[in-house]
Amino acid sequence: MKLFEPTDIGPLELKNRLVMTAMSTRLAGPRGEVTDRLTEYYAVRAAGGVGMVTVEEASIHPQLPHVPNALGVYGNHLLPGLRNLTGRIHDAGARASLQIGLYFRQAVNGFPRFAASADAPDCGPGCMQLTPDEIHYLTGLFVDAAIRTREAGFDAVEIHACHGCILSEFLSPYWNRRTDEYGGDCSGRFRFALEILEGIRRSLGSGYPVIYRISGSEFHQGGFTPEDGIALSCALEKRGVTAINVSGGLGHINHISIPPSDVSRGILLPLAQGIKSAVKVPIICGNSLTPEMAERATTEGQTDLVGLGRPLIADPEWPVKVREGRAREIRACIRCNQGCFGGLRDLKTPGLTCLYNPAAGRELERTLHPAGVKRKVAVIGGGPAGCEAARVARLRGHDVLLIEEEGRLGGQFNLAALPPKKDDFTKLAEFYTHELPRLGVEVRLNTEATPELIETLVVDAIIVATGSRPVVPRMPGSHLLHVTTAHDVLAGKVTIGKSPVVVIGGGATGLETADYLSERGLDVTVIEMLDAPGRDMMPGIGVREALLARLDAKKVRILTGHRAMAIEPDAVVASDRPLKGGGNEIRISARSVVFGLGNRAEETMSRLEPAFCCRNLLCGVGDCRFPGNAMNAIHAAYDLAATL
């Protein structure tokens, strides 16, 4: 495979064409120092067979980390930790690069906000425009950080110049409204980025590899265009750049930089190919490519090297599994953005992780050890939690039987893959369907776990992971024939063919069901008690935003601050007093009504407990205990099975 041919980035030889791209983790210390957790995270990915690991963006100023617990390279006191990090990466067989960058527009640690232009979008009151003297000061910080990068043992430095960082603000006409020498046409907008490269070359010479990560396009009206991407790449090449890493998007505005599942895979490859045709330096491009897409992209000359970010978070062994012909064993990224991007947004979490790789970012804490006592374990339920519990228990040496009532694994995640733009979610069920038999888990499908069956099992422990069932509230008219649940609609048990449709519930379940129904040309209204739709979906990671944009484009009406009070044969009655009703009531025409109010726990534990009363261990995990999201269920299942 061409992916695994050795290649060069300037004087730097790589063992293959796979590069781990930079993605922040929040695993560093409070002042940007390297921690054992961060070191282990990167060492595991280096050991997975990638040619080069690009360590996340490191702050060049002590008071300007782009996220809390961001890595730092702003002072010499950070060098010992960084040297240890590069040593671990090298010992694992990979080259090491460090990305350096700076964000300013975001309010961080109370530091005043600066921008390329004070009147640019999203700047708001109090955001100051950088003066030329301040730009020169920042250029010096970039150069000093690059010098420390080399001193720390990194084989290359990457300059972050996309995704809404300060350099991308200067490069983009969307952000840059300046009229001085740092604004206007390309020569002005490119000046800051080029001066940084020139300063690094003066300090480090022509031999040290310098990579620029740029946008091939911002995919936004008035933003950085593909023509800008080519022009910038040519200008960088003339000033001695070693390689160009092609990304895209306009930060938080369109989420193409960390695209959720509604964005087509490979969207950046045509941009990379255009830049590659204009320059001679190597091109890096990724965007969550599958192994087949990655091989084709290098073979057909769209890119020289393939960048892997989230795929290596989900499965650090992606490279070695592909090289050895074991691609079916890959835990493929489903682009849900919940654990990776969400781990940066949700400050209540300890940092980056992955929805169905619980060890990601927790490599030190979640190391599996062989069980001291080998048990026979039965897992009841083949949803995400049950599958993960079975996988981990088997890896620890237990004999595992998994019993699933349906004819396939995946549980409600199979339904989650049915709304528009969520095809990626099928990969979770595909992984477990292949992986569990490969590990030696006995899987019995189409089997109901009755008390009678439980009594016949010769096992030492039972893990109940039977999930949850839809909530159907008691309200007048809920029994009518034209009323159903989101679960039954998505499962194909009920076909909605009559408009208008009212979906009761504006959380993730209701909104995705509305998306599914409106895709079929139905007129849909959503009723939500809270003040905004999708409150149970994490904001800022692209998933909620993309879903709401689709619903708006399809003219789905979302009525917030209202409670459904009664269902009539041709309407739903809703009140603007959502606590208990009253106030102003309206009638919304409805020939079909769908409950999308989430789920409640199955009562399997209490039903099975008498049959298991004399056994050693009975425990529940996932939605059958506390209905929540798939990530919480999978992580809880991992932790349970890891101690069984």
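Presented here is an overview of the structure given in this document.

Considering the sheet that holds strand β23 (residues 571-575)
Argument step 1. The strand order β22-β23-β24 describes an open sheet built from three strands, whose pairing is antiparallel. Both outer strands of the open sheet, β22 (563-568) and β24 (585-589), are each paired with one neighbouring strand and no more. Recorded for the sheet is a direction-independent mean angle of 25° between the axes of neighbouring strands.
Argument step 2. With five bridges connecting them, β22 and β23 associate as antiparallel partners. Within β23, the position partnered with Ala566 by the bridge is Val573.

Let's talk about the pattern of salt bridges
Oppositely charged side chains can pair when the atoms bearing their charge come close.
Argument step 1. Going through the model one piece at a time under the given rule, you end up with 30 salt bridges.
Argument step 2. Of the charged contacts, one joins Lys348 and Asp346 as a salt bridge, the two residues approaching to 3.2 Å between their closest N and O atoms.
Argument step 3. Because the salt bridges share partners, they merge into one network encompassing Arg323, Glu324, Arg326, Glu329, Glu435 and Arg438.

Description of the side chain of Arg331
Argument step 1. Along the chain, Arg331 falls in the loop between α11 (318-323) and α12 (341-345).
Argument step 2. If we skip the residues at most four places from it in the chain, Arg331 touches Ala314, Asp315, Tyr356, Asn357, Arg391 and Phe431.

Remarks on the environment of Pro476
Argument step 1. Within the fold, Pro476 resides in the loop between β17 (468-470) and β18 (483-485).
Argument step 2. Overall, the relative accessible area of 53% leaves Pro476 in the exposed class.
Argument step 3. Considered as a pair, Pro476 and Gly240 are 236 residues apart in the sequence and their alpha carbons are 73 Å apart.
Argument step 4. Excluding residues that lie within four positions of it along the chain, Pro476 makes contacts with Met565, Ala566 and Ile567.

What to know about helix α3 (residues 132-151)
Note: α-helices contain 3.6 residues per turn, so residues at a spacing of three or four share the same orientation.
Argument step 1. Under the 1.5 Å per step criterion, the end-to-end length of α3 is 29 Å for 20 residues, consistent within 8% with the ideal 28 Å.
Argument step 2. On its buried face, α3 sits against α2 (79-91), β5 (95-101), β8 (156-161), α4 (166-171) and α6 (191-204).
Argument step 3. Downstream of α3 by one or two residues, Gly153 has phi in the positive range, about 95°.

As for the side chain of Glu218
Argument step 1. Looking at the secondary structure, you find Glu218 in the loop between β9 (210-215) and α7 (226-238).
Argument step 2. Buried charged residue Glu218 carries no salt bridge. Nearest counter-charge: Arg189, at 7.8 Å.
Argument step 3. Polar side-chain contacts of Glu218 include one of 2.6 Å to the side chain of Ser172.
Argument step 4. Only 2.8 Å separates the side chain of Glu218 from the backbone nitrogen of Phe224, close enough to count as a polar contact.

Quick notes on the sheet that holds strand β10 (residues 243-247)
Argument step 1. Pairing is parallel around the closed barrel formed by eight strands, whose spatial order is β3-β4-β5-β8-β9-β10-β11-β12. Averaged over neighbouring strand pairs, the angle between their axes works out to 30° when direction is ignored.
Argument step 2. Taken together, the four bridges between β5 and β8 define a ladder with parallel strand orientation. Bridge pairing in β8 places Ile100 opposite Ile159.
Argument step 3. Docked against the sheet, α7 engages β9 and β10, running at close to 165° with respect to β9.

Digging into the packing of helix α13 (residues 384-395) against helix α15 (residues 426-439)
Argument step 1. At a closest axis distance of 10 Å, the pairing of α13 and α15 adopts a crossing angle of 30°. With respect to α15, the axis of α13 lies roughly parallel. Crossing handedness for the pair α13 and α15: left-handed. Seen from α13, the contacting residues are Pro384, Cys387, Glu388, Ala390, Arg391, Arg394 and Leu395; seen from α15, they are Leu428, Phe431, Tyr432, Glu435, Leu436 and Leu439.
Argument step 2. Taken together, the residues of the contact of α13 with α15 break down into nine nonpolar, no polar and four charged.

Looking at the packing of aromatic side chains
Argument step 1. Per the counting criterion, the structure on display carries 10 aromatic pairs.
Argument step 2. Positioned over the ring face of Phe425 is Lys422, at 4.4 Å from the centre of the ring.
Argument step 3. Between Arg520 and the ring centre of Tyr516, over which it is positioned, the NZ or CZ distance is 3.6 Å.

Notes on the nonpolar core
Argument step 1. Membership of the largest hydrophobic core comes to 104 residues, with the highest contact counts inside it found for Ile100 and Tyr212.
Argument step 2. Ile334, Val379, Val392 and Ala630 belong to the second-largest nonpolar core, a separate cluster that totals 38 residues.

Some remarks on the pairing of strand β16 (residues 461-464)
Argument step 1. Residues Ala461 and Ile463 point to one face of β16 and Ile462 and Val464 to the other, with burial holding for every one of them.
Argument step 2. Here strand β13 (residues 376-380) pairs with β16 via four bridges, running parallel. The partner of Ile380 across the bridge, within β16, is Val464.
Argument step 3. Where β16 meets strand β27 (residues 617-620), four bridges bridge the pair, whose relative direction is parallel. Following the sheet pairing, Ile462 is matched in β27 by Leu618.

As for the environment of Cys234
Argument step 1. Assignment of secondary structure puts Cys234 in helix α7.
Argument step 2. When the C-alpha atoms of Cys234 and Lys276 are compared, they prove to be 10.0 Å apart, with 42 residues separating the residues in sequence.

Definitions and limits used
- Residues numbered from 1 in each chain as written.
- Predicted model: local features only at pLDDT ≥ 70, side-chain atom pairs only at ≥ 80, totals over all residues.
- Heavy atoms only, no water.
- Pairing = 2+ DSSP bridges.
- Helix = DSSP H or I, 4+ residues; strand = E, 2+ residues; numbered from the N terminus.
- Axes fitted to C-alpha atoms, helices over the stretch in contact; angles between N-to-C directions.
- Salt bridge = Lys/Arg side-chain N within 4 Å of Asp/Glu carboxyl O.
- Contact = heavy atoms within 4.5 Å.
- Buried < 20%, exposed > 50% of the residue type's maximum accessible area, 1.4 Å probe, protein only.
- Expected span 1.5 Å × (residues − 1).
- Lys, Arg positive; Asp, Glu negative; His and termini not counted.
- Polar contact = N/O pair within 3.5 Å; in protein donor to acceptor, adjacent residues only side chain to side chain.
- Parallel < 35°, antiparallel > 145°, perpendicular 65-115°, else oblique.
- Left-handed = near helix turned anticlockwise from the far one by under 90°.
- Nonpolar A, V, L, I, M, F, W, Y, C, P; charged D, E, K, R; others polar.
- Phe/Tyr/Trp six-rings, centres within 6.5 Å; stacked < 30°, edge-to-face > 60°.
- Lys NZ or Arg CZ within 6 Å of the ring centre and 35° of its normal.
- Core = buried A, V, L, I, M, F, W, Y, C linked by side-chain atoms within 4.5 Å.

Purely geometric stuff here, so don't read any function into it on its own.
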